[in-house]
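# Breakdown of the fold
Listed below are the residues making up each chain.
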Amino acid sequence: MIQLKKISEIKANPNNPRVIKDDKFKKLVASIKEFPKMLELRPIVCNADGVVLGGNMRLKACKEVGLKEVPVIYAHELSDDQQREFIVKDNVGFGEWDWEMIATIS
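This write-up is about the structure you can find in this document. (Residues numbered from 1 in each chain as written. Predicted model: local features only at pLDDT ≥ 70, side-chain atom pairs only at ≥ 80, totals over all residues. Heavy atoms only, no water.)

Helix packing for two helices is described by the angle between their axes and how far apart those axes are. Two elements in contact, helix α1 (residues 22-34) and helix α3 (residues 56-65), have axes separated by 9 Å at closest approach and are oriented at 65°. The angle between α1 and α3 places the two elements in the roughly perpendicular class. Every pair of crossing elements has a handedness; the one defined by α1 and α3 is right-handed. Across the interface between the two elements, Phe25, Leu28, Val29, Ile32 and Lys33 from α1 touch Met57, Arg58, Lys60, Ala61, Cys62, Glu64 and Val65 from α3. (Axes fitted to C-alpha atoms, helices over the stretch in contact; angles between N-to-C directions. Helix = DSSP H or I, 4+ residues; strand = E, 2+ residues; numbered from the N terminus. Parallel < 35°, antiparallel > 145°, perpendicular 65-115°, else oblique. Left-handed = near helix turned anticlockwise from the far one by under 90°. Contact = heavy atoms within 4.5 Å.)

As structure tokens, then:
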């Protein structure tokens, strides 16, 4: 179940294996400004303690935008091992982009 939570209640994960470079971070910030509804469709995933399992870079961008609240899903049922697995698998990019199809969407 998605809950709207104060950003101050959510903790960035210090063990997040994913980083974002300046130019891509700026694009993420811009995309959140232009399409904030996307956050509701792809909320931040946290453990029971409010530590981010999925969405650390989105959280950082939301802070940059100045949002006070963000949609969150809590993954209460995951064990510690499952949480670590989720962090890695959520950040793995499988597949490739079909650039021709993307060009026709915009």
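Back to the text.
Looking now at the pattern of salt bridges. Within the structure shown, the criterion is met by four salt bridges. As a salt-bridge pair, Glu40 and Lys37 come within 2.9 Å of each other at their nearest N and O atoms. On the criterion of helical spacing, the pair formed by Glu40 and Lys37 is a turn pair, its members being three residues apart in helix α2 (residues 37-41). Lys89 serves as the salt-bridge partner of Glu85, at 2.6 Å between the closest nitrogen and oxygen. Within this pair, Glu85 and its partner Lys89 are both found in helix α4 (residues 80-90), separated by four residues, close to a single helical turn. The class for Glu85 is partly exposed, based on a relative accessible area of 40%. (Salt bridge = Lys/Arg side-chain N within 4 Å of Asp/Glu carboxyl O. Buried < 20%, exposed > 50% of the residue type's maximum accessible area, 1.4 Å probe, protein only.)

Taken in spatial order, the four strands of this open sheet run β1-β4-β2-β3, and their pairing is mixed. With partners counted over all chains shown, the strands left at the sheet margins are β1 (2-6) and β3 (52-54), one partner each. Taking the axes of each pair of neighbouring strands and ignoring which way they run, one obtains an average angle of 50° across the sheet. The pairing of strand β2 (residues 44-46) with strand β4 (residues 69-74) spans three bridges and is classified as parallel. In the sheet register, Cys46 faces β4, and the bridge partner there is Tyr74. Helix-sheet contacts for α3 involve β2, β3 and β4, and the interaxial angle to β3 is about 115°. Where α4 meets the sheet, it contacts β2 and β3, and its direction lies at approximately 50° from that of β3. (Pairing = 2+ DSSP bridges.)

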